[in-house]
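If you want the building blocks of each chain, they are given just below.
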Amino acid sequence: MLARQRQELILDEVRTTGGARVSELVERLGVSDMTIRRDIEALAGRGLVTRVHGGATAARSSVDEPGFAAKAVLHTAAKRAIAVAAAELVEPGASVALSAGTTTHAVASALLGIPRLTVVTNSLRVAEVLHEGGREDHSVVLTGGERTPSDALVGPVAVAALRRLHVDWLLMGVHGMDAEAGFTTPNLAEAETNRALVASARRVAVVADNSKWGVVGLSTIATLGEVDVVVTDSGLDPEARNALESSCGRLVLAA
């Protein structure tokens, strides 16, 4: 079978089911793992699919912004593991900023085990987790602002609040991470607010599962080199590990 024929079959599978796994394509088409990966890379280069760990999904626009509920059901085990590892960075009595997102939502739950925290967030969901946790030694500061589909509070009100704050840690979720584009989001207002979060923090940790690698949103929040720690899961492929290890301060792979 010619490469063009294989790629048409792969593209048809992605369009029909929303995604295709390398292992299944190898068995179906009777070719090597490397051949399938080259085919997917060729399709991704033409903007027809999005390459992800273990396969390909339907092409995503740089301005697509899934809602919180849609993202909450994805990669839940990885997010829980990342949350536990990220919480280990934080010392009792610290001040911590949490951006909006489903991974930071999991981090908020993990932070309930740490005493005497002051938490700044632009996420209604994160604030709700911390409030319902009932810890009297936790202080929660909500920025205010306009609400996005991912339940982030953004815009000039949020940015103005953050400009006067200084925290020990920012634990930040992202839409995508890429060697060239850095850490990105599809929402311009959220990017501006997240940049204000970065500026407020003495140390910055990005929390993101391996599916975020190679995804590029419309606006860059920070380059790889501007982040102190990246906490992700052990499913991250070797190429991505090398890129992060060489550019970021530290890479933590949650089990």
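The preceding data block contains the structure.
Reference entry: report on the structure contained in this document. (Residues numbered from 1 in each chain as written. Predicted model: local features only at pLDDT ≥ 70, side-chain atom pairs only at ≥ 80, totals over all residues. Heavy atoms only, no water.)

### Let's talk about the sheet that holds strand S14 (residues 229–233)
Strand order in the open sheet formed by seven strands is S6-S5-S4-S9-S12-S14-S15, with parallel pairing between adjacent strands. The two strands at the open ends of the sheet, each matched to only one other strand, are strand S6 (139–142) and strand S15 (250–254). In this sheet, neighbouring strand axes are inclined to one another by 20° on average, regardless of whether the strands run parallel or antiparallel. Summarising the sheet, S14 and S15 pair through five bridges and their orientation is parallel. By the bridge assignment, Thr-232 is partnered in S15 with Leu-253. Helix-sheet contacts for helix H5 (residues 76–87) involve strand S9 (167–173), strand S12 (201–207), S14 and S15, and the interaxial angle to S14 is about 145°. Along the sheet, helix H7 (residues 124–133) makes contact with strand S4 (95–98), strand S5 (118–121) and S6, crossing S6 at roughly 160°. (Pairing = 2+ DSSP bridges. Helix = DSSP H or I, 4+ residues; strand = E, 2+ residues; numbered from the N terminus. Axes fitted to C-alpha atoms, helices over the stretch in contact; angles between N-to-C directions. Contact = heavy atoms within 4.5 Å.)

### Notes on the nonpolar core
Ranked by size, the top nonpolar core spans 30 residues in total, and within it Leu-170, Phe-183, Val-206, Trp-213, Val-230 and Leu-244 carry the most contacts. Among the elements of the structure, helix H8 (156–162), S9, helix H9 (188–200), S12, strand S13 (219–222) and helix H10 (238–247) are those that each provide at least two residues to this core. For this core, the element with the highest residue contribution is H9, accounting for four residues. (Core = buried A, V, L, I, M, F, W, Y, C linked by side-chain atoms within 4.5 Å. Buried < 20%, exposed > 50% of the residue type's maximum accessible area, 1.4 Å probe, protein only.)

### Concerning the layout of surface pockets
Rolled over the atoms, a probe as big as a water molecule pinpoints where empty space is left. Put simply, the second largest pocket is a space of about 570 Å³. Looking at the lining of the second largest pocket, the elements with two or more residues in it are helix H3 (33–45), strand S2 (49–52) and H10. No other element matches the six residues that H3 contributes to the lining of the second largest pocket. Partitioning the lining of the second largest pocket into residue classes produces eleven nonpolar, seven polar and seven charged. (1 Å grid on protein atoms, 1.4 Å probe; cavity = no way out; pocket = protein on both sides within 12 Å on 5 of 7 lines; lining within 4 Å. Points joined across faces, edges and corners; volume = space filled by probe spheres on them. Nonpolar A, V, L, I, M, F, W, Y, C, P; charged D, E, K, R; others polar.)

### A closer look at the pairing of S9
Most of S9 is tucked away: six of the seven residues are buried. As paired elements, S4 and S9 share three bridges and run parallel to each other. The residue bridging Ala-97 from the neighbouring strand is Leu-170, located in S9. By the bridge criterion, six bridges tie S9 to S12 in an arrangement that is parallel. Note on S12: the bridge partner recorded for Leu-170 is Val-204.

### Section: the pattern of salt bridges
In the structure shown here, the tally under the stated rule is eight salt bridges. The closest approach of N and O atoms between Arg-147 and Asp-151, which form a salt bridge, is 3.0 Å. A residue is classified by how much of its surface remains accessible, and Asp-151, at 7% relative accessible area, is buried. One continuous salt-bridge network, built from bridges that share partners, spans Arg-125, Arg-147 and Asp-151. (Salt bridge = Lys/Arg side-chain N within 4 Å of Asp/Glu carboxyl O.)

### A short note on the pairing of S4
The side-chain alternation of S4 yields two buried faces, one formed by Ser-95 and Ala-97 and the other by Val-96 and Leu-98. The pairing of S4 with S5 spans four bridges and is parallel. Pairing of Ser-95 across the sheet is with Thr-118, part of S5. Note on the crossover from S4 through helix H6 (residues 102–111) to S5: the handedness is right-handed. (Right-handed = clockwise from strand over helix to strand, strands pointing away.)

### Here's the deal with the packing of H5 against H6
Taken N-terminus to C-terminus, the directions of H5 and H6 make an angle of 50°; their axes are 8 Å apart at the nearest point. Taken together, the axes of H5 and H6 lie oblique to each other. As for how H5 packs across H6, the hand of that crossing is right-handed. On H6, the residues that touch Lys-79, Ile-82, Ala-83, Val-84, Ala-86 and Ala-87 of H5 are Thr-102, Thr-103, Ala-106, Val-107, Ala-110 and Leu-111. When the residues that make up the contact of H5 with H6 are grouped by side-chain class, the tally is nine nonpolar, two polar and one charged. (Parallel < 35°, antiparallel > 145°, perpendicular 65-115°, else oblique. Left-handed = near helix turned anticlockwise from the far one by under 90°.)

### Things to note about H10
Along H10, the residues that are buried comprise Ala-240, Ala-243 and Leu-244. In a view along the axis of H10, the buried residues occupy a sector of 90°, so they form one face of it. H10 presents Pro-238, Glu-245 and Ser-246 as exposed residues on the side facing more than 90 degrees away from its buried surface. On its buried side, H10 packs onto S14 and S15. Of the residues flanking the start of H10, the one acting as N-cap is Asp-237, its side-chain oxygen 3.2 Å from the backbone nitrogen of Glu-239. (Arc of directions from axis to C-beta. Polar contact = N/O pair within 3.5 Å; in protein donor to acceptor, adjacent residues only side chain to side chain.)

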